[in-house]
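Spelled out from the first residue to the last, the chains are:
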Amino acid sequence: MLADVGIPKDDFPYNYRAQGQNLNPPYAYALSLLVCAGYERAISDSDFRVFAEARAGGSMRILYNNSLKYAHTGSVFTNFLGEAVLGARWNMFVLSLDAAYDSNLGILKRCALGVSIGR
């Protein structure tokens, strides 16, 4: 399971207003459920490992402006998601480069830095 947040750029092309108040541009929230298959190899006897993964599954996305008083949300979009991932682990830290196909958004690129819970 993956959770993602897309943060709008400073030059977001639209301005939103409600009752005379400027609203924040919407953030894109996504929740994905994926099946993963991959290979991981330890480099000698160290805690450094490299890995490759293939992931496939589905995702749900929604736009939300992060305001409780003037809450505005978009429709929920479901989609197919397929990813190829290359990365490295050291102790519990993970760095990965992903190329993904999203049936709504097309080809996506991502660099992720995270923490792995468990082995």
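### A closer look at the pairing of strand E5 (residues 48–64)
Okay, so step 1: Taken together, the 16 bridges between strand E4 (residues 27–42) and E5 define a ladder with antiparallel strand orientation. Bridged to Tyr39 within E5 is Ala52.
Okay, so step 2: Linking E4 to E5, which pair antiparallel, is a turn of five residues; within it Ser44 sits at a positive phi near 50°.

### Considering the environment of Arg55
Okay, so step 1: Inspection of the secondary structure puts Arg55 in strand E5.
Okay, so step 2: When the C-alpha positions of Arg55 and Arg89 are compared, they lie 18 Å apart, and in sequence the two are 34 residues distant.
Okay, so step 3: Ignoring anything within four residues of it in the chain, the contact list for Arg55 reads Leu2, Leu34, Val35, Cys36, Leu81, Gly82, Glu83, Val85 and Asp98.
Okay, so step 4: At 2.8 Å, the side chain of Arg55 forms a polar contact with the side chain of Glu53.

### Topic: the pattern of salt bridges
Okay, so step 1: Going through the model one piece at a time under the given rule, you end up with nine salt bridges.
Okay, so step 2: A salt bridge links Asp102 to Arg61, with the shortest nitrogen-to-oxygen separation between them at 2.8 Å. Within this pair, whereas Asp102 is found in strand E7 (residues 93–102), its partner Arg61 is found in strand E5, the two being separated by 41 residues in sequence.
Okay, so step 3: A salt bridge links Arg110 to Glu83, with the shortest nitrogen-to-oxygen separation between them at 2.7 Å. In this pair, Arg110 sits in strand E8 (residues 106–115) while Glu83 sits in strand E6 (residues 77–90), placing the two residues 27 residues apart along the sequence.
Okay, so step 4: Classification of Arg110 by relative accessible area gives partly exposed; the value is 27%.
Okay, so step 5: Beyond isolated ion pairs, a larger network of salt bridges with shared partners links Asp4, Glu53, Arg55, Glu83, Asp98 and Arg110.

Cut-offs used in this document
- Residues numbered from 1 in each chain as written.
- Predicted model: local features only at pLDDT ≥ 70, side-chain atom pairs only at ≥ 80, totals over all residues.
- Heavy atoms only, no water.
- Pairing = 2+ DSSP bridges.
- Helix = DSSP H or I, 4+ residues; strand = E, 2+ residues; numbered from the N terminus.
- Contact = heavy atoms within 4.5 Å.
- Polar contact = N/O pair within 3.5 Å; in protein donor to acceptor, adjacent residues only side chain to side chain.
- Salt bridge = Lys/Arg side-chain N within 4 Å of Asp/Glu carboxyl O.
- Buried < 20%, exposed > 50% of the residue type's maximum accessible area, 1.4 Å probe, protein only.

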